[in-house]
Structures are given as C-alpha cells and as structure tokens.
Protein chains: 2
Amino acid sequence: MPDVKHFDPEVALDQVMTLFWRRGAEATGIAEVVQATGLSRSSLYATFGGKERLQAAALGRYLERQSRPVLDALAADTRGVPAITAFFERLVAARCTGEHARWGCLVTNTHATAGGGPPEIREILDRHHDALRAAMRAALEAARAKGRLRPGLDPEAVAEALTLQAYAVNLRSRAGAEADVLLAGVRAVVDAFTLAEER
Amino acid sequence: MPDVKHFDPEVALDQVMTLFWRRGAEATGIAEVVQATGLSRSSLYATFGGKERLQAAALGRYLERQSRPVLDALAADTRGVPAITAFFERLVAARCTGEHARWGCLVTNTHATAGGGPPEIREILDRHHDALRAAMRAALEAARAKGRLRPGLDPEAVAEALTLQAYAVNLRSRAGAEADVLLAGVRAVVDAFTLAEER
DNA sequence: CCTATCTTGGAATGATCGTTCCAAGATAGG
DNA sequence: CCTATCTTGGAACGATCATTCCAAGATAGG
C-alpha cells in the first residue's frame, strides 16, 4: 500500500561518500549533503538517520568501494615483491593525480578526527587496518616463497610497517606532497625489506 | 598612557595549543577557547585575530614547543642508529602513554584537515616536514659514518621514509593503536635500513 | 477509485558557530 | 588628579549547525 522511495539509497550513499571524502566529513554540513544528493532532509534522515550514522555508513561504503578492491588485488597478487611495488605505485598515482588527486584517503583522514569519536568509527578503522596488514602479509609471504624477502624478518612487523607507510602516503598527499618524493620514500622501504632479483 | 594587557599572551597561546591538540582545532569552538584561557572574546580577537589566525599561531607554537626540541635532539644526537631508535621509542611512548596519550600530533592531525585549507597552514606543514626529514638525515649520516647504514641506500629517500613512518605512528596512535604494535613496525623499518652492530 | 501508509518538500526549531560592538574599567604619562 | 588610550566583560549579530515536524504528494493493495 505505502509509497516507495523516489531515489536509490545506494546512489545517494555513493554521493555522500564522495562528498565526505573530498571535503571532510566533519567540515561538511547537512545542507551540502542535501545539495549533492538532491534529496530532501526528510528522505535523508528517514533513510540514513542522523549525521553520525551517515558518516559511519559513508565510511563503510568507502571501504567497500575504494579500499576493498585494492586490498583484494594486493592479497590475490602472487607475484610477491612486484605486487607490493605495484600497490604503492598505484596508491601514489591515485593520491596525486586524476579525479581524486589531493583528496587523501577517507579512512586515513578519519583517523585524525576519530580521537574521542564514537567507538563504532574506531572499530571500522581497526578492521580496515587489519585487512590492509593481512593483505600486505599475504604479499610478503609470496615474496618469501620466491626467496625475495630478506631473511630473518618478522612478516607481521614488516606488514605493519608497510601499512603505516601507506597511511603516511595518504596523509601527506592531501597536504600536497609531490608524487616522486612519496615514491622515493616507499621505494626505499620496500627495497630495504627485499633482496635484489636474481638473474 | 594606555592600559596594558591583563594576561600573558604566551600562556594563553599555550593553552589554546593544548586545547586544539587534544580536541582538534576545527572541532573546537571559540566558546571553548574562552573557557580554557579565561579570556574574554574581546581580548582573544584583539590579541590573535580570528580563528584561522589563532589556529596558525597555535600550530606554530606546537612546532616550537613540542616538535622543535625533539627534532633538535635527533639532529644533535651523533650516535647514529641508536639516535633514530631512541627517537621512535620516545615517540611511541609519548603518543600512547602519559599526559598526551591518544592525542596524536597536532601537525599530523592538521594534515588530514588541511585539504583545501589556507596555504599558510600548508606551508607550516611543509616546513615541519622538511625539518623532520633533515633531522632524520643527519642521524642517518652519523649512522653511515659509523658503518651502520646499509650500503647503497639513498639517505634522502630513507629520511623521507622514516619521516613518513613517524606520521603514521602519530596517526594510528590517535585512533587507539597499541604501543607494541607500533614499535614492532618502526623497529622493522629501522632494522631493515641498518646493519647489525659489530662486536 | 478509495484509502491506508509511506515519502517528500520545506518551513521551523533551538543550539552553536565565528565575529562585532560598546560601555565600563584599567593604566600611565602629564 | 586628569585624561587620552587601550583592555575588558559580555551582550548581540547574522549565519549556519543538526534535527524535527507537518501538510501535501505519491503509491499500491483492496
């Protein structure tokens, strides 16, 4: 009997995610969300609840749409060291050029504002952190199997280190860091963990 | 002839810096600043100008009071690798325990919110970045002189990498990361850049 | 076509935002 | 002590914040 929604919530959430990513969630007012989505305040609140819940939903959507594909690609890439190198090269490229240049990473940006924030948000951040570290670790194990990983290293610690490196790339890129500087930094780390390819 | 200020602007700025550091500059209202400093709005605006200028001043004060001593200590520490290790151990300890636990770093936090922000802020961030990298590089050169730096490394790139690691420690600590996890990560990076001590 | 039920547009809410303003208070040179 | 000049407290400003509310509109089972 009842009326049905006149819009697609999935599309709307994508728009909100993009807006929060570009402008920063806390700095974005509901009025901007209304304008970006074309929805009315009624529909917005009826569908997503208040701003805090909307923010969590947008962050979850970011993980799903942006992070997940990249993490899965990294975890599934069995090449070893080249997989890690490719991950970072694509990361730097995405952060410094193209459609989302200088937007940083929504997950990374949220870290800075999550101090004292709702535990729900922090759990999402931790889950993402674990997922990225696990993907790194998988790539590292592949590298080790190929004899490209320097002996005596703790893969878990190395995975954590590389994950931290990725966060910093995201962070610095939003403040305008140069792509080649960031690349030189990550290359130095990856090189230090690996052995030169045999020929 | 005129009246003089009834307060010490230096003390007030320290209080504002602490407040912005703990709560986040953007999330902090002028009302909170008034309460924390005990000043009236009149004195606040007459002394520091609007919020944007206050934010820049607080960030500058943070560099002076918090970052500078640590950076100078790192640059002046001629021990080489132990200097770098000590820097990171103190960093993790400061971020995860004590008075400022889970506050993160005001400079690092500002990175996430500086997207599209005033160029003045971004320049401060860049100056800090250069200073930290230079201090790292000085310590690396000392390590190289002692034969503890792995041969064939580009000190500039390694300094950049270590600087990025420090940012990530700051970032993750604010979201609640465990000290031992962060330490394991940075240890892996430092170890990878260095050679075991001779005995 | 009727009507119960949900959605929608948009006005209205009170709170808080950063900022301005002015009268009253404090200061120190004359 | 007088007065020019700055500082101070605090009211007031318009803008924007997130949220609520309701009448009007749309829908689909009966």
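Our subject is the structure that appears above.
Residues numbered from 1 in each chain as written. Chains lettered and ligands numbered in written order. Predicted model: local features only at pLDDT ≥ 70, side-chain atom pairs only at ≥ 80, totals over all residues. Heavy atoms only, no water.

Overview of the pattern of salt bridges
All names here are of chain A.
Next up, step 1: According to the stated counting rule, one finds 28 salt bridges over all chains in the structure shown.
Next up, step 2: A salt bridge links R133 to E160; the shortest N-O distance between them is 2.9 Å. Here the residue R133 occupies a position in helix α7 (residues 119-145), and E160 occupies one in helix α8 (residues 155-174), the gap between them amounting to 27 residues.
Next up, step 3: Its relative accessible area of 2% is what places E160 among the buried residues.
Next up, step 4: Between E141 and R137 there is a salt bridge, with the nearest N and O atoms lying 3.0 Å from each other. With a gap of 4 residues between them, E141 and R137 both fall in helix α7, about one helical turn apart.
Next up, step 5: One network of salt bridges, with partners in common, ties together D130, R133, R137, E141, R144, E156 and E160. (Salt bridge = Lys/Arg side-chain N within 4 Å of Asp/Glu carboxyl O. Helix = DSSP H or I, 4+ residues; strand = E, 2+ residues; numbered from the N terminus. Buried < 20%, exposed > 50% of the residue type's maximum accessible area, 1.4 Å probe, protein only.)

Quick look at the protein's contact with DNA strand C
Next up, step 1: Around DNA strand C, the surrounding shell holds 23 residues, and the nearest of these are A:H6, A:S42, B:M1, B:I30 and B:R41.
Next up, step 2: What you see for DNA strand C is that sugar and phosphate hold 58% of its atoms within 4 Å of the protein.
Next up, step 3: Here A:S42 contributes a side-chain N or O atom positioned 2.3 Å from a base oxygen of DNA strand C.
Next up, step 4: Within the residue set of the surface near DNA strand C, elements represented by two or more residues are α3 (41-48) of chain A together with α3 (41-48) of chain B.
Next up, step 5: Taken together, the residues that form the surface near DNA strand C break down as 8 nonpolar, 9 polar and 6 charged. (Near = heavy atom within 4 Å. Polar contact = N/O pair within 3.5 Å; in protein donor to acceptor, adjacent residues only side chain to side chain. Nonpolar A, V, L, I, M, F, W, Y, C, P; charged D, E, K, R; others polar.)

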